[in-house]
Amino acid sequence: MKTLNMMRRAAAVAGAMLACLALPLAASAQTYPSKAITLVVPFAAGGPTDVVARTLGAVMTKSLNQTVVIENKVGAGGTIAAATVARAAPDGYTFLIHHNGMATAPALYRKLPYNPLADFEYVSQVIDVPMTVIGRKDLPARDFKELLAYLKTSGDKVNLAHAGLGAVSHLCGMLFRQAVGVDLTTVPYQGTGPAMNALLAGQVDLLCDQTTSTTAHIKAGSVKLFGVTTPSRLKTLPDTPTLAEQGLKGFEVVVWHGIYAPKGTPKEAVDKFGAALRAALKDPAVAVRLAELGAVIPTDDKLTPLGLQSWLQQETQRYGPVIKAAGQFAD
Ligand code: MLT
């Protein structure tokens, strides 16, 4: 009997100890996030990816009750940031926002130090954004027709700014250069934020950039707009013809964004960060602001891990052969 009681007491003590050990685990799972979360932006501050990250990050900071810190990790057309996040600790405190570059980089870079289709957890798509072909204010062309004539006579004296191999401004610029058949000189920057500053200062002639960055400058008249890259005209710039309408048949570039985490990030962190992102996109002030800048919030099925993963797979298959066949995408 005495032995039985001792055994019961020992079992009770062991149970209590186990419960104590389990407590911090349960508590930490319940309290994610317990510290600031880093959202890595692959391009310079002030550009379209940065603006979207900061707009959403500010709202998500409130709902997650922890600061979403924006870290601009620039260089190599966004691939340095993606490689950094692929190698980061999969603890739920590092995420990446990136665009079409996740699908184009495998075809553009011979030695990409990460695999976009294998090295990440997928959180959600974010927004879709049209692009615009714009020029410095004093460029001697008032519209696309005059721009074409100017390009034919000035040729490679005309500079086209972009954000590096793998950037959408580069992709759009190279497609434009190919479509107009003029060998424009390209000038790389670490994001279209600095590229836009160079255009505003008259240091470069042309830039293909997202409406989230260009709309305000177009409306203020500080840059010239020559066309939009969508199949139909934009509600925000209804008087501006598409490039396809103006003779560049089939010219279409729409930028899509996604949020990624290092492979192995706990599902709870992916789910919570994704839920905060979806809530931020539905915040009325954010939705109005994004719409004013020409951005479109994807349908709910795309705002999911699977929605991003399957889209990335499709886009990788779509861009790969186009880029490889074009060859001249590498400057
Ligand atoms: C940026 O945020 O600077 C742009 O998205 C870069 C790019 O053109 O891809």
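The paragraphs below set out a description of the structure included in this document.

Cut-offs and rules
- Think of each chain on its own: its residues are numbered from 1, step by step along the sequence as written.
- Whole-chain, interface and lining totals are the exception, using all residues; otherwise, since this is a predicted model, local features are given only for residues with pLDDT of at least 70 and side-chain atom pairs are given and counted only at 80 or more.
- The side-chain values count all of the structure's non-hydrogen atoms but skip hydrogen atoms and water molecules.
- Only DSSP runs of H or I covering at least 4 residues are called helices, and only runs of E covering at least 2 are called strands; the numbering of each starts at the N terminus.
- Accessible area is worked out with a 1.4 Å probe on protein chains only. A residue is then buried under 20% of its type maximum, exposed over 50%, and partly exposed in between.
- The contact rule is simple, with two residues in contact once any of their heavy atoms fall within 4.5 Å.
- Note on areas: these come from Shrake-Rupley sampling with a 1.4 Å probe, and a residue is covered only by the protein chains present in the view.
- The axes used here are C-alpha line fits, helices contributing only the stretch in contact, and every angle between their N-to-C directions lies in the interval 0 to 180 degrees.
- The cut-offs work like this: below 35 degrees is roughly parallel, past 145 is roughly antiparallel, 65 to 115 is roughly perpendicular, and the gaps in between are oblique.
- Crossing handedness is read from the near helix: turned anticlockwise from the far helix by less than a right angle, it gives a left-handed crossing, and turned clockwise, a right-handed one.
- Under the grouping applied here, Gly and all other residues not named as nonpolar or charged are polar, the nonpolar ones being Ala, Val, Leu, Ile, Met, Phe, Trp, Tyr, Cys and Pro and the charged ones Asp, Glu, Lys and Arg.
- Stacked, edge-to-face and tilted labels apply to pairs of Phe, Tyr and Trp rings (six-membered ring for Trp) whose centres lie within 6.5 Å, assigned for plane angles under 30 degrees, over 60, and everything in between, in that order.
- A positively charged side chain is recorded as over a ring if its NZ (Lys) or CZ (Arg) lies within 6 Å of the ring centre. The angle to the ring normal must also be within 35 degrees.
- By convention in this document, the label disulfide applies to cysteine sulfur atom pairs within 2.5 Å.
- If a single non-hydrogen atom of a residue is within 4 Å of a molecule or strand, that residue counts as near it.
- In protein, a polar contact requires one atom able to donate a hydrogen and another able to accept it; more generally it is a pair of N or O atoms within 3.5 Å, and residues adjacent in sequence count only if both atoms are side-chain atoms.

### Quick look at the overall build of the chain
Consideration 1: Check the secondary structure of the chain and you find eleven helices and nine strands.
Consideration 2: A buried classification covers 50% of the 331 residues belonging to the chain.
Consideration 3: For the chain, the share of sequence-separated contacts (at least 6 apart) that also reach a separation of at least 24 residues comes to 78%.
Consideration 4: Carbon and sulfur atoms make up 59% of the accessible area of the chain, which totals about 15,000 Å².

### Some thoughts on the packing of helix 2 (residues 48-64) against helix 9 (residues 267-282)
When two helices pack together, their arrangement is given by the angle between their axes and by how far apart the axes lie.
Consideration 1: Running from N to C, helix 2 and helix 9 point in directions that differ by 120 degrees, and their axes come no closer than 9 Å. Our classification of the angle between helix 2 and helix 9 gives oblique. Where helix 2 crosses over helix 9, the two elements pack in a sense that is right-handed. Residues Leu56, Val59, Met60, Ser63 and Leu64 of helix 2 form the contact with helix 9, whose own contacting residues are Lys272, Phe273, Ala276, Leu277, Ala280 and Leu281.
Consideration 2: Of the residues belonging to the contact of helix 2 with helix 9, the class tally is nine nonpolar, one polar and one charged.

### Comments concerning the packing of aromatic side chains
Note on aromatic pairs: each is described by the distance of the centres and the angle between the planes.
Consideration 1: Applying the stated criterion across every chain, the model contains eight aromatic pairs.
Consideration 2: Put simply, the rings of Tyr114, Phe120, Tyr122 and Tyr260 touch in pairs and so form one group of aromatic residues.
Consideration 3: If you follow Lys35 out to its NZ or CZ, it ends over the ring of Tyr93, 4.7 Å from the centre.

### Topic: the environment of Val68
Consideration 1: Mapped onto the elements, Val68 comes out in strand 2 (residues 68-72).
Consideration 2: The exposure class of Val68 is buried, given its relative accessible area of 7%.
Consideration 3: When the C-alpha positions of Val68 and Lys35 are compared, they lie 9.4 Å apart, and in sequence the two are 33 residues distant.
Consideration 4: The residues contacting Val68, other than those within four sequence positions of it, are Ile37, Leu39, Gly57, Met60, Thr61 and Phe273.

### Observations regarding the packing of helix 4 (residues 101-108) against helix 11 (residues 305-326)
Consideration 1: Remark: helix 4 packs on helix 11, axes separated minimally by 8 Å, with the N-to-C direction vectors making an angle of 40 degrees. The angle between helix 4 and helix 11 places the two elements in the oblique class. The interaxial crossing formed by helix 4 with helix 11 has right-handed handedness. Judged by residue contacts, Met102, Ala103, Thr104, Ala107 and Leu108 of helix 4 engage Leu312, Glu315, Thr316, Tyr319, Gly320, Ile323 and Lys324 from helix 11.

### Remarks on the state of the cysteines
Consideration 1: If you walk through the whole model with that rule in mind, you get one disulfide.
Consideration 2: Linked covalently through their sulfurs, Cys172 and Cys208 form a disulfide whose S-S length is 1.8 Å. A torsion of 55 degrees about the S-S bond marks the disulfide between Cys172 and Cys208 as right-handed. Note that Cys172 is positioned in helix 6 (residues 168-180) and Cys208 in strand 7 (residues 206-210), a separation of 36 residues in sequence. In this structure, Cys172 and Cys208 share a single accessibility class: buried.

### Side note on the site of the ligand
Consideration 1: In the vicinity of the ligand, the contacting residues are Phe43, Pro48, Thr49, His99, Ala163, Ala167, Val168, Ser169, Gly191, Thr192 and Gln210.
Consideration 2: In the model, an oxygen atom of the ligand is placed 2.6 Å from a nitrogen or oxygen of the Ser169 side chain.
Consideration 3: At a separation of 3.0 Å, an oxygen atom of the ligand approaches a polar side-chain atom of Gln210.
Consideration 4: Isolated, the ligand exposes 270 Å² of accessible area, and the fraction of that covered by the protein chains is 100%.
Consideration 5: Residue assignment for the shell around the ligand shows that the elements contributing at least two residues are helix 2 and helix 6.
Consideration 6: In terms of residue class, the shell around the ligand is built from five nonpolar, six polar and no charged.

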